[in-house]
Amino acid sequence: MSVEKTQRPAQPLTFLVPALAIMLVFFLVPSIYNLVYAFTDWSSFKSSINFVGTRNFANVLQNGVLLGDLKVNVIYAVLVAIFQNLFGLGLALLLERDTRINRFARTMIFVPVLMSALAVGYIFQALLKPVGPVNALLSFVTGQDIGYAWLNDPDRTLLWLTLIHSWKWMGLAMLIYLAGLKTISADVLEAARIDGVNRWQAFLHVKVPYLAPAVTFNVATALLGSMNSFDIAQATTGGGPGQTTEILNIFIYRTFGQGLFAQATTMSLVLVLVISLMAFPTIILLRRRERVL
Amino acid sequence: MRTGRSLIQPVAVLLLVAVVIGIPLWLVVVTSAKSQGDALDPSLALPTDGWHFAQNYARAFTEGRVIRAFLGSVSIVVPAAVLVLLFGSMASWVLARRTGAWLAAVYAVAISGIVIPPAVITLVLLLRQLRLAGTLSGMVLVYVGIYLSTAIFFITGFIRTIPHEVEEAARVDGAGPVRTFFTIILPLLRPVLATATILICLYIWNDVFFAFFVIGGRMDTLPLNLFQVASAGVYLNNWNLIFAYVVQMSLPLLVLFAVAQRRIISGITGGAVK
């Protein structure tokens, strides 16, 4: 280290130590363990743990669970990112003006954000029962007797779950978009109006570029939330029907309960790899696009 | 046309809120007032069997151990949030200001937790080896490990928008790094720290997945006890008790939000769109 004061780095590397130490022990080491145990026959049924090569990978590939769950995870994450942002942006544009009614609406829409996702899951389980309130309302509106099993449809239940997830978080996305809209100066909008730009063009060419940081934040939090989601699916379907809504954490919870530790680690390892391959470029792309603007 | 338009928006907004938010919340409140038989098939109708507010809430309160669960949740959230923000800010300061390929790699690893879910099963194994399984400190450290990535991602981005000159001045005046950090940097981070605090507290307060693996059966938290109330076979269809518990567990955050709404909203958005 140099004696001269100005030569000494202003930010000592020791400031990194507490954060990196905790992440190393409680995040990286388990991930490395994960990498190792995926090649063993670790389970709750026997005390010894032996290496079994790539047998676990062959198994999950063969029985189709891997590809099924992988598909479910990717669809879940992508749909949540899309819906959460669409709802959030739509609400922000609808409630942009500072009227009393709009402020009331924003507060109400933020309430689900504060609630536990598990509670939200139970609420929708009750709402979406075949003889539940939603079908009752739909029957009333359409005049037909509707008994659709929302949470027991192999083709669409996953879609409904992503909508529930987005319902829970849309209030947060809305707030972020509202804050983004506030960063647009009135002069810019006024200039656009004088230039004879219509509403849609103004939105596309004036507002959207200013919303880039809000989009990054919302996509990042939506990805984070959907990758780690458990509560909503657990409380509504438990992964069913026929594993069509079995996101990663549901699988882990289920196989852990069955004592099949090695299988659970194998699955999470593969999914984590695939998910990171998808998600990292997304975040980097969003950040870079922001810098260009 | 003008007046027509100015009426359409408020009416549409109120209708939307009534359907999208009002119906689910009404279901919770009205069901929590019904008798067990009345609540078997959840509906939006008023109780046909008399109002059972007091009875249901008292039962959910004792069977869900609301007080212990609340204290458990608080004792986890507070230290976890403080450590995430403190350690996250310290690391972000270095990662935002200093350059080099080595530090860029450290930054990439540090934020990888945003997209990479923690390996929860081997995490439990590790906690057992460290004798931290089922303990408060184990749970706190697990959450810190999970959410440091998010904190570092947002705080580093924020620090990069702060001009260097402020801290340069302090350094020229002879302030050491510790003093510069705590007296100059940390106060400047207020907007982004507010955002991160609220987000991280929301995530941890409502988490049930990691809590289930790390402290399930050993400690009470509000969501864990909801899981327990709802999963117990006896309660399979006890929607009245489930929703009575949901109301009670949601109240602390709803009250806090009602009291500090403006500060919370500006807090969330302050550091998010920079």
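Residues numbered from 1 in each chain as written. Chains lettered and ligands numbered in written order. Predicted model: local features only at pLDDT ≥ 70, side-chain atom pairs only at ≥ 80, totals over all residues.

### Observations concerning the domain arrangement of chain B
Residues and elements named next belong to chain B.
- Domain assignment breaks chain B into domain 1 (1–63 + 232–274) and domain 2 (69–209).
- Between domain 1 and domain 2, the contact holds nine residues from the first and 11 residues from the second.
- When contributions to the side of domain 1 that touches domain 2 are tallied by element, the ones reaching two or more residues are α12 (239–259) and α13 (261–270).
- When grouped by side-chain class, the residues that make up the side of domain 1 that touches domain 2 number five nonpolar, three polar and one charged. (Domains from an automatic or database assignment. Contact = placed C-beta atoms within 7 Å. Helix = DSSP H or I, 4+ residues; strand = E, 2+ residues; numbered from the N terminus. Nonpolar A, V, L, I, M, F, W, Y, C, P; charged D, E, K, R; others polar.)

### Brief notes about the UniProt feature "transmembrane region" (unreviewed entry) in chain B
Residues and elements named next belong to chain B.
- UniProt's entry tags residues 12–33, 66–88, 100–127, 139–159, 180–205 and 242–260 with the feature "transmembrane region" (unreviewed entry), counted in the numbering of this structure.
- Between the C-alpha atoms that bound residues 66–88 there is a distance of 32 Å. The span itself is 100% helix and 0% strand.
- Between the first and last C-alpha atoms of residues 180–205 the distance is 32 Å; the span itself is 96% helix and 0% strand. (UniProt positions renumbered as here; feature names shortened; annotations may be inferred.)

### Side note on the packing of helix α3 (residues 66–97) of chain B against helix α6 (residues 136–159) of chain B
All names here are of chain B.
- For the pair α3 and α6, the least separation of the axes is 7 Å and the interaxial angle reads 40 degrees. The orientation of α3 relative to α6 falls into the category oblique. In the crossing of α3 with α6, the sense of the turn from one axis to the other is right-handed.
- Looking at the contact of α3 with α6 residue by residue, the classes come out as 22 nonpolar, five polar and no charged. (Axes fitted to C-alpha atoms, helices over the stretch in contact; angles between N-to-C directions. Parallel < 35°, antiparallel > 145°, perpendicular 65-115°, else oblique. Left-handed = near helix turned anticlockwise from the far one by under 90°.)

### Describing unusual backbone geometry
- Following Gly 240 of chain A, the chain continues to Pro 241 of chain A via a peptide bond in cis, the omega torsion being -5 degrees.
- By the element assignment, Pro 241 of chain A lies in the loop between α11 (231–236) and α12 (248–257).
- Of note, Arg 65 of chain B is a non-glycine position whose phi angle comes to about 45 degrees, a positive value.
- Mapped onto the elements of the fold, Arg 65 of chain B is located in the loop between α2 (53–63) and α3.
- By C-beta crowding, Arg 65 of chain B is classed as partly exposed, having 18 other C-beta atoms within 10 Å.
- In this structure, Arg 131 of chain B takes a positive phi of about 55 degrees despite not being glycine.
- We classify Arg 131 of chain B as exposed; it has 9 C-beta atoms within 10 Å. (Buried ≥ 20, exposed ≤ 12 C-beta atoms within 10 Å, placed from the backbone.)

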